[in-house]
Amino acid sequence: MGISGGPYSRAHHQPVLFRNHLADALTGDGAAPVTLVHGPPGIGKSVLLDHAVHLLGAADVRRFGPGDDPEVVSRTVGSEPAVVVADSFTELDDAARAALRSAYEQGMRLIVASRSLPSWVTAQRVLDGTVRVIGTQDLLFDADEIRQLGARLDVPLGADDVAQVGRLTDGWPTLVVAALRSRRPDAALSERQLRDLTDRFVRVEVLGDLAPDERDLLTTAAAAPRFDASVLALLLDGTTPAEQLIAPARLIDRWAASGWLIHASETHWRLPEPFRRSLLADLELRHPGRRVDLLTEAVRILVARGRTGDALPLVVDSSLDKVTAGGVVRASWEPAVARGQFSDLLPAVNTLPDDILAGDPVLLLLAAVSALAPPPDLATFAHRVAQADAQVDQTRLSATLLTIRSFQMVLGRGRGDSAAARTAEQSGRRLIDAATDDDRRVLTDRLIYFDWQSGANRLADGDIEQAESLLGAAATAARHAGTSWHEANCEALRSYTSVLRGDLAAARRQVRSATELAERNGWTRNQFTDHVHLTRGLLELELGRTSGVAAVLHEAQRRLERDAVPPAARLATAWAVLAVLRRDETAAGHAELLCGDDYPSNRLPLNRLLASVARSLALIARDDPKAALVELDGTVAPPGHQAVLAAARARAHLAALDPLAADRELAAVDATASALPLTLRADLHALRAESALQRGADPQSHIHQLLALLERTESRRPVLMLPALHEAMTGGGLDGPPDALVTELAALHRANTGSLPALSERESQVLAALVGPETLADIAKGLFVSANTLKTTTRSIYRKLGVADRYEAVRVARALALLPPE
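Residues numbered from 1 in each chain as written. Predicted model: local features only at pLDDT ≥ 70, side-chain atom pairs only at ≥ 80, totals over all residues. Heavy atoms only, no water.

Digging into the overall build of the protein chain
As a reminder, the rule being used: By the criteria applied, helices consist of DSSP H or I runs no shorter than four residues and strands consist of E runs no shorter than two, each listed in order from the N terminus. Any residue under 20% of the maximum accessible area for its type is buried, any over 50% is exposed, and the rest in between are partly exposed; the area is computed with a 1.4 Å probe on protein chains only. We call two residues contacting when some pair of their heavy atoms lies within 4.5 Å. Each accessible area is a Shrake-Rupley estimate made with a 1.4 Å probe; only the visible protein chains count as cover when residues are assessed.
In terms of regular secondary structure, the protein chain is built from 45 helices and eight strands. Among the 822 residues that make up the protein chain, the fraction classed as buried is 54%. Taking the intrachain contacts of the protein chain between residues at least 6 apart in sequence as the baseline, contacts between residues at least 24 apart amount to 66%. Accessible surface computed for the protein chain: about 36,100 Å², of which carbon and sulfur atoms make up 51%.

Quick notes on the packing of aromatic side chains
Going by this rule: Under the pairing criterion, centres of Phe, Tyr and Trp rings, with the six-membered ring standing for Trp, must be within 6.5 Å; the plane angle then separates stacked pairs below 30 degrees from edge-to-face pairs above 60, leaving the rest tilted.
Taken as a whole and assessed by the stated rule, the structure comprises four aromatic pairs. Taking 5.3 Å as the distance between ring centres and 50 degrees as the angle between the ring planes, the aromatic pair formed by W172 and F275 counts as tilted. On the criterion of sequence distance, the pair formed by W172 in the loop between α8 (159–169) and α9 (173–181) and F275 in helix α14 (residues 273–286) is long-range, its members being 103 residues apart. Judged by relative accessible area, which is 1%, F275 ranks as buried. Measuring from centroid to centroid gives 5.6 Å for F381 and F407, while their planes differ by 45 degrees, and the two rings are tilted. Taken together, the residues F381 in helix α21 (residues 378–389) and F407 in helix α22 (residues 399–414) connect sequence positions 26 residues apart. Given a relative accessible area of 5%, F407 falls into the buried group. These aromatic residues form a ring-pair network of at least three members: F381, F407, Y449 and W452.

Remarks on the nonpolar core
Condition: The set of buried Ala, Val, Leu, Ile, Met, Phe, Trp, Tyr and Cys residues whose side-chain atoms join them within 4.5 Å is what this entry labels a nonpolar core.
In this structure, L725 and L801 are the most contacted members of the largest nonpolar core, which totals 155 residues. Here this core gets twelve residues from one element, more than from any other, and that element is helix α31 (residues 568–582). Sequence-distant contacts of L725, that is, excluding residues within four places in its chain, are made with A686, A689, E690, L693, I703, L706, V719 and L734. Ranked by size, the runner-up nonpolar core spans 54 residues in total, among them L22, L48, L218 and L280.

Side note on the packing of α31 against helix α32 (residues 585–593)
To keep things clear, this is the line we draw: As a rule, the C-alpha atoms of each element are fitted with a line to give its axis, helices using only the stretch in contact, and angles between N-to-C directions run from 0 to 180 degrees. Each angle is binned into one of four classes, with values under 35 degrees roughly parallel, values over 145 roughly antiparallel, values of 65 to 115 roughly perpendicular, and all other values oblique. Two helices that cross are described as forming a left-handed crossing if the nearer one is turned anticlockwise from the farther one by less than a right angle, and a right-handed crossing if clockwise.
At a minimum axis distance of 8 Å, the contact between α31 and α32 shows a crossing angle of 160 degrees. Considered as vectors, α31 and α32 are oriented roughly antiparallel to each other. Handedness of the crossing formed by α31 with α32: left-handed. Counting all contacts with α31, which are made through A572, W575, A576, L578 and A579, the residues of α32 involved are A587, A588, H590 and A591.

As for helix α27 (residues 484–500)
How we decide: Take the number of residues in a helix, subtract one, and multiply by 1.5 Å to get its expected span.
Look at α27: 25 Å from first C-alpha to last across 17 residues, which is about the 24 Å you get at 1.5 Å a residue. Burial analysis of α27 places 16 of its 17 residues in the buried class, the great majority of the element. Where α27 terminates, the next one or two residues include G502, which has phi positive at roughly 80 degrees.

Side note on the environment of R440
Our working definition: Counting of polar contacts relies on pairs of N or O atoms within 3.5 Å, with two restrictions inside protein: one atom must be capable of donating a hydrogen and the other of accepting it, and residues adjacent in sequence are counted only when both atoms are side-chain atoms.
Relative to the helices and strands, R440 resides in helix α24 (residues 437–442). Given the relative accessible area of 24%, R440 is considered partly exposed. Separated by 42 residues in the primary sequence, R440 and S398 have C-alpha atoms spaced 9.3 Å apart. With residues near it in sequence (within four places) discarded, R440 still touches I432, D433, A435 and L447. In this structure the side chain of R440 is engaged in a polar contact, spanning 2.8 Å, whose partner is the backbone oxygen of A435.

Some words on the pattern of salt bridges
Oppositely charged side chains may form a pair once their charged atoms are brought near each other. Under the convention used in this document: The working definition used for a salt bridge is a side-chain nitrogen of Lys or Arg within 4 Å of a carboxyl oxygen of Asp or Glu.
The tally for this structure, following the rule as stated, stands at 30 salt bridges. Between D451 and R429 there is a salt bridge; the shortest N-O distance is 3.2 Å. With D451 in helix α25 (residues 444–461) and R429 in helix α23 (residues 418–434), this pair connects stretches of sequence that are 22 residues apart. The exposure class of R429 is partly exposed, given its relative accessible area of 25%. Notably, a salt bridge pairs E744 with R716, separated by 2.8 Å at the nearest N-O pair.

Describing unusual backbone geometry
The residue D170 is not glycine, and still its phi comes out positive at about 60 degrees. By secondary structure assignment, the location of D170 is in the loop between α8 and α9. Residue D170 is classed as buried on the basis of its relative accessible area of 13%. We note that F784 has phi near 60 degrees; this positive angle belongs to a residue other than glycine.

A closer look at the pairing of strand β5 (residues 109–114)
Condition: When DSSP finds two or more bridges between two strands, those strands count as paired.
With five of its six residues buried, β5 lies for the most part within the structure. Sheet topology note: the strand β2 (residues 34–38)/β5 ladder contains five bridges and is parallel. Following the sheet pairing, L36 is matched in β5 by V112. Relative to β5, strand β4 (residues 83–86) runs parallel, the two sharing four bridges. Residue V84 lies in a different strand from β5, and its bridge partner there is L110.

Points about the confidence of the model for the protein chain
Test applied: Summary of the metric used: pLDDT quantifies the predictor's per-residue confidence within the range 0 to 100.
Model confidence for the protein chain is summarised by a mean pLDDT of 83, while 86% of its residues fall at 70 or above. Per-residue pLDDT, averaged within each element of the protein chain, yields its smallest value for strand β1 (residues 3–4) (36) and its largest for helix α33 (residues 605–621) (97). Of the regions scoring below 50 in pLDDT, residues 1–15 engages in 35 contacts with residues more than four places distant in sequence or in other chains.

Here's the deal with the environment of R806
Here R806 is to be found in helix α45 (residues 806–815). The spatial distance from the C-alpha of R806 to the C-alpha of L770 is 6.8 Å, given a sequence separation of 36 residues. Beyond its immediate stretch of four places on either side in the chain, R806 contacts A769, L770, G772, P773, E774, T775, L776, I779 and Y798. Among the polar contacts listed, one links the side chain of R806 to the backbone oxygen of L770, at a separation of 3.0 Å.

Some points on helix α38 (residues 700–713)
Over its 14 residues, α38 runs 20 Å from end to end, which matches the ideal 20 Å to within 8%, given 1.5 Å per residue. For α38, the complete set of buried residues consists of Q700, H702, I703, L706, L707, L709, L710 and T713.

Some words on the packing of helix α11 (residues 212–222) against helix α12 (residues 229–236)
Applied cut-off: Under this grouping Gly is polar, as are all residues other than the nonpolar Ala, Val, Leu, Ile, Met, Phe, Trp, Tyr, Cys and Pro and the charged Asp, Glu, Lys and Arg.
Packing of α11 against α12 brings their axes to within 9 Å, and their N-to-C directions diverge by 115 degrees. Taken together, the axis directions place α11 and α12 in an arrangement best described as roughly perpendicular. Of the two possible hands of crossing, α11 and α12 adopt the one that is right-handed. Residues L217, T220 and A221 of α11 pack against L232, L235 and L236 of α12. For the contact of α11 with α12, the class distribution of residues is five nonpolar, one polar and no charged.

Examining the side chain of S454
Relative to the assigned elements, S454 resides in helix α25. Judged by its relative accessible area of 0%, S454 falls in the buried class. At 3.5 Å, the side chain of S454 and the side chain of R429 are in polar contact. For S454, the contacting residues outside a window of four places in its chain are M409, E425, R429 and L470.

Right, here's the structure in full:
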């Protein structure tokens, strides 16, 4: 491969796991002139360099290390290779450093591995792109890489196994490999031997060169599972001799530069767990009980200074006095409610014994929240809420009582008991109405949460307008109060409500708002986003698109089992619509599995209707319309939703080729009623047109109103779900549909029953350019292609999209989501 470097060459070495995203940073076109890989031993620096050298694989790559003679280094650089790879750079002598400096000045690319950051790696050089640093945080294995490595080593790993290996090793490559090898049937190491070797490796290889003062400082920091500069200052204060004290921010910078720290969050740091375990074991050996004393004092100081959020990890991680721990947890309740961040709070609650919990309503409510952590335990949740309810004054509005009423609404819906949810809401509303303005002002956060749950109650009952009103008011109040967690939750649920109201534009805005809040605050994996995924899938289906929708619905379904009030019937409806549009019996199966009584939330009034409609659509997709009609017999729609049930029955009759029966169902509904959602009105007109076509009658009276509704809502689903109507509109059998809509419907049908047009990268670039005002000649110049090449490419695009010109290409591409919306 043209790789030299004497005895230090590792060309024969093959890395156990190829980490292409890291190797690309060293070898790709965008690689910096100098790339530094730094971190303690066993972190995978040399293995990554091996991989990089293997990928470069050219005669002008030279690699050397501390064992090489400086003269060899000088000659290597003098031969002007394009890339110089240097391992263990900090051990190289002055001659070698001078040679590397010369290589850099000659324009060669340098890839350097080091245990710490050399002095020449400055922030300015990193900012201007001269140097790229790959540190400890980048080199630790994540869960996917642990799983891949297990497969490569023939070690089967379940989710719990991956989590356990990650917890024991913190992703430290050498330790991960050792832990996985110890799990093989032919393992030579016992668990005890592995633990002893791991401890020795960290103690001798990683921490062996630490000066005593540095070890003492690191040990003090290790007492906390995570810290920022202010927490570190509290830990050091009163425990470190004055002559050893260093500004905490400088200490953090120094330790991070040595690879001893990694980020625990955007603002906090932590020691890698193998380091921390070793340091704390040594501390316990030298000073028994010292760690608990240190943490107890730090917790008290943090709580006194209002830093309960920073105190919580210390509670979880130590053996503090349980009364002290309970006080810290209780003090953390209000900030956690405001910011929606329970990741530290709930584990802390779980450390408290039942006798501490039972005497405090706030701790009981926290234990109730903990019971809803996936998988939700409604029985424990109910028990804790009842315990708290028995201890509070029922006659006076308080934050605790208002939270209890809100939790009782959640419990009622989780059990499918809408009457119990309404009773809790009415009880809380009476207290709110009787309170003074000052009382209500103090309880802003809890009132927002109460209104959010009240809106969810209305949605469950099918009162869509009231649900929208309550959720909209709660979202606005949350925005003004700065409680982003509540705002995101309200917007997420409100987006689904907007879909039911037929306001697709509002639903898109609310999905975008909830998603942006989630991304900004690190909540993308939190529970409320199942509603966002569900709404996103429903919006795509409403626009007539099915490509990629199954993946979105699967994401919603993965979260559904984690929800205390799983939106099973709503998700079943989405799967069922997908099944009809794609003629997909697998999607129909997904819908049917979500419609059963094993989801108590399906007993809520609106969900009960949605489950019946979803089951009927799934049966239609299976070409069994008679069974669909049987399913709908006896179904009772909640007030205001009789038109939904009539449309479902009419659709089943039409699938059974019985248009007269469909007309009888539709005759009871006024399709022009302004109270009906626009998308439902479009459905009713489409069903009437389908019935007319099946009877051989003129459908035009319904077509004109349908076209107006399609233009207003941008919905295409009503036509695509009805075969005779779709064929008549796209086949030229009807007057009125504009050519652009006809072309769009035809393209959507092809994509739904087949697949999306496959465009090359060049075709995608040209398609994006067709949106703008530039002429084809201007586009050709901008893409650096000839006019003839561009014409050939555009003709290929038109053929794949089934269009005749540029305008239609853009419109169809937007309909298929190949281009962003206008």
